[in-house]
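# Commentary on secondary and tertiary structure
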Amino acid sequence: MKTIFQHIKGDKTIWAIVAILAIFSFMPVYSASTNLVYVVGNGSTLGHLVKHIVLLIMGFAIIYGVHKIPYRYFSGGSVLMLPVVIVLLIFTLAQGTTIGGANASRWIRIGGVGFQTSTLAGLVLMVYVARYLAKNKEKIINFKESLWQLWLPVSVVLMLILPANFSTTAIIFVMILMVAFIGGYPLKYIGFILGAGIVALSFFVLIAKAFPDAMPNRVQTWQSRIESFSDKQGKEAYQVEKAKIAIATGGTIGLGPGKSVQKNFLPQSTSDFIFAIIVEEYGLIGGFLVVSIYFILLFRIFVVIKKTTTIFGTLLVLGVGIPIIFQATINMAVATNLFPVTGQTLPLISSGGTSIWMTCFALGMILSVSASKEETEEDILDDNPLDILHETID
């Protein structure tokens, strides 16, 4: 056991948090999967649990592998990965599927496993933005140059994610603006970019309304979700109503592990609405503990930032770490009807391959930064992406 811990570097508290969330997720996923088995008719409860455990073990392998990579490689790696991500997003949109009449072109299948390309794209984009801001920290930013070098790649990726996944697009865009502000990008330019983003979204909605066959039901889906959330007198969406019943039923201490009733009626009970099942089975105490663990993770992310010696390291940890907390907050806010339905999973607890793996990749990056003692800004930013590729191949 001692030799295992000798190979684990970086913030030990973050390692412990990941392990606690992963182990805790076993029971809710096992319990909630009865909906998939008996309502949807998909597999067995044990099968879903085994699949979830295997995905988490692979996730831990990703964290371990990534945290061993010096974080300076992520800088040049983001430049190399950006064209790959764009090609993947185009391919995903081109062969997207339809679920229940709605466009769900978020996934591609690799070896029988569904892969959501937008989560990878978001991760690569955050690292790319951190690289650009760190390289230009000591320079006076030329807005026209930044449009080509920074905002053009950002806008291309976001426009490719938007048709299938508005919530992910919005989260990535907000996170990029936040990192840009912290990274010293001029506030007046950020305001212009925000305005341009709102105009672009409005234009997209108008186009989608004018040509509904091009993107079946996406804008209508967003509209109905927002309307059902904002209209307090109207009939709430079925899944939100069931989630509220689950939370109300849970009370202070919950019904007990595996004793949820609403899991049999609540769609997406193992992913988007798993927090409602947790509160139903473990009560407000269980819900509070989950919230507390994510809060401790946020605190440790800021501890890593405080100890980081480079601007790129700081922006990297911010860019890939805060979205994990943001995603968890949105998931729990949706389950408690504080936010419209978005489709965001609860990191490391919800079932699902890509979301687990990309969260683990981000945590691996954070641990790589926390494990580093000797990196300097020059080492990181002087790296040529092609040199990194050459070193990797060798």
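Residues numbered from 1 in each chain as written. Predicted model: local features only at pLDDT ≥ 70, side-chain atom pairs only at ≥ 80, totals over all residues. Heavy atoms only, no water.

### Observations regarding the overall build of the chain
Here is the rule: Helix and strand definitions here come from DSSP, where helices need a minimum of 4 consecutive H or I residues and strands a minimum of 2 consecutive E residues; each element is numbered from the N-terminal end. Whether a residue is buried, partly exposed or exposed follows from its accessible area with a 1.4 Å probe, protein chains only, as a fraction of its type maximum: under 20%, in between, or over 50%, in that order. Every residue pair with non-hydrogen atoms within 4.5 Å of one another is taken to be in contact. We get accessible surface area from the Shrake-Rupley algorithm with a probe of 1.4 Å; when it comes to residues, only the shown protein chains can shield them.
Of regular secondary structure, the chain possesses 16 helices and 4 strands. Evaluated residue by residue, the chain yields a buried proportion of 51% over its 394 residues. For the chain, contacts bridging at least 24 residues in sequence account for 75% of all contacts bridging at least 6. As displayed, the chain has an accessible area near 18800 Å², and 69% of this comes from carbon and sulfur atoms.

### Description of the packing of helix α12 (residues 274–307) against helix α14 (residues 353–371)
The following threshold applies: For every element, the axis is a line fit to its C-alpha atoms; helices are fit only across the contacting stretch, and the angle between N-to-C directions ranges from 0 to 180 degrees. An angle below 35 degrees is read as roughly parallel, one above 145 as roughly antiparallel, one from 65 to 115 as roughly perpendicular, and any other as oblique. Should the near helix be turned anticlockwise from the far one by less than a right angle, the crossing is termed left-handed; should it be turned clockwise, right-handed. All residues other than Ala, Val, Leu, Ile, Met, Phe, Trp, Tyr, Cys, Pro, Asp, Glu, Lys and Arg, Gly among them, are scored as polar; the first ten of these are nonpolar and the last four charged.
At their nearest, the axes of α12 and α14 sit 10 Å apart, and the two run at 40° to each other. On the basis of their axis angle, the class for α12 and α14 is oblique. Note that α12 runs across α14; the crossing there is left-handed. Residues Leu297, Ile301 and Val304 of α12 lie in contact with α14, whose contacting residues are Leu363, Ile366, Val369 and Ser370. Among the residues forming the contact of α12 with α14, the class breakdown is 6 nonpolar, 1 polar and no charged.

### A word on a positive patch on the surface
Stated precisely, the cut-off is as follows: Think of a patch as exposed residues, more than 30% relative accessible area, with no salt bridge, where like charges cluster within 9 Å and nonpolar side chains (Val, Leu, Ile, Met, Phe, Trp, Tyr) cluster within 5 Å. Take a side-chain nitrogen of Lys or Arg and a carboxyl oxygen of Asp or Glu: if they are within 4 Å of each other, that pair is a salt bridge. In summary, the charge assignment counts Lys and Arg as positive and Asp and Glu as negative, without counting His or the chain termini. Every charge is mapped to an atom, namely NZ of Lys, CZ of Arg, CG of Asp or CD of Glu.
Residues Lys9, Lys12, Lys68, Lys307 and Lys373 make up a contiguous surface patch of positive charge. As for its placement among the helices and strands, lysine 307 is situated in helix α12.

### Re helix α13 (residues 311–335)
Helical periodicity: at 3.6 residues per turn, an α-helix aligns residues three or four positions apart in one direction. Just so we agree on the cut-off: Here the expected length of a helix is defined as 1.5 Å per residue gap, with one fewer gap than residues. Two N or O atoms form a polar contact when they lie within 3.5 Å of each other; inside protein one atom must be a possible hydrogen donor and the other a possible acceptor, and for residues adjacent in sequence the pair counts only when both atoms belong to side chains.
Taking 1.5 Å as the rise per residue, α13 with 25 residues should run 36 Å; its terminal C-alpha atoms sit 36 Å apart, in good agreement. Across the 25 residues that make up α13, a large majority, 22, are buried. Where α13 begins, the capping side chain belongs to threonine 310, and its oxygen is found 3.0 Å from the backbone nitrogen of glycine 313. Directly after α13, the chain includes asparagine 337, whose backbone phi takes a positive value near 60°.

### Thoughts on the packing of aromatic side chains
Selection rule: Stacked, tilted and edge-to-face pairs are distinguished by plane angle, under 30 degrees for stacked and over 60 for edge-to-face with tilted covering the rest, among Phe, Tyr and Trp rings (Trp via its six-membered ring) whose centres lie within 6.5 Å. Criterion for a charge above a ring: Lys NZ or Arg CZ within 6 Å of the ring centre, and within 35 degrees of the ring normal.
According to the stated counting rule, one finds 6 aromatic pairs in the structure shown. Arranged with centres 5.4 Å apart and planes meeting at 90°, the rings of phenylalanine 143 and phenylalanine 192 form a pair that is edge-to-face. Taken together, the positions of phenylalanine 143 in helix α7 (residues 143–161) and phenylalanine 192 in helix α9 (residues 187–210) put the pair 49 residues apart, joining distant regions of the chain. Here phenylalanine 143 falls in the buried class, since its relative accessible area comes to 17%. Members of the aromatic cluster, connected to one another through ring pairs, are Phe143, Trp151, Tyr185, Tyr189 and Phe192. Sitting above the plane of the tyrosine 73 ring, arginine 72 keeps its charged end 4.6 Å from the centroid.

### Description of the side chain of arginine 300
By the secondary structure assignment, arginine 300 is in helix α12. There is a polar contact of 2.7 Å between the side chain of arginine 300 and the side chain of aspartate 11. With near-sequence residues (within four places) excluded, arginine 300 lies in contact with Asp11, Thr13, Ile14 and Ile17.

### Digging into the layout of surface pockets
Put simply, the rule reads: A cavity here means a set of 1 Å grid points, computed over protein atoms only, where a 1.4 Å probe fits but cannot escape. A pocket is an open set with protein on both sides within 12 Å along at least 5 of 7 lines, and lining residues have an atom within 4 Å of a point. Grid points are joined across faces, edges and corners, and a volume is the space filled by probe spheres set on the points.
Its boundaries defined by the atoms lining it, the second largest pocket holds a volume of some 640 Å³. Taken together, 23 residues form the lining of the second largest pocket, with Leu158, Ala196, Gly197, Ala200 and Leu201 sitting closest to its centre. Listed by contribution, the elements that provide at least two residues to the lining of the second largest pocket are α7, α8 (166–182) and α9.

### Examining helix α5 (residues 72–94)
Heads up, the rule is: The seven residues ending at a residue and the seven starting there each receive a fitted axis; the angle between those axes is the bend at that residue.
Spanning 23 residues, α5 covers 34 Å between terminal C-alpha atoms, matching the ideal 33 Å at 1.5 Å per step. At serine 78, α5 shows its maximal kink, close to 35°. Those residues of α5 that sit buried are Tyr73, Phe74, Ser75, Gly76, Gly77, Ser78, Leu82, Val85, Leu89 and Thr92.

### Notes on the packing of α12 against α13
Packing of α12 against α13 leaves a shortest axis separation of 10 Å and a crossing angle of 165°. On the basis of their axis angle, the class for α12 and α13 is roughly antiparallel. Crossing geometry of α12 relative to α13 is assigned as left-handed. Counted together, Phe275, Ala276, Val290, Val291, Tyr294, Leu297, Leu298, Ile301, Phe302, Val304 and Ile305 of α12 and Thr314, Val317, Leu318, Gly321, Ile322, Ile324, Ile325, Ala328, Asn331, Met332 and Ala335 of α13 form the full contact between these two elements. Its residues placed into classes, the contact of α12 with α13 shows 19 nonpolar, 3 polar and no charged.

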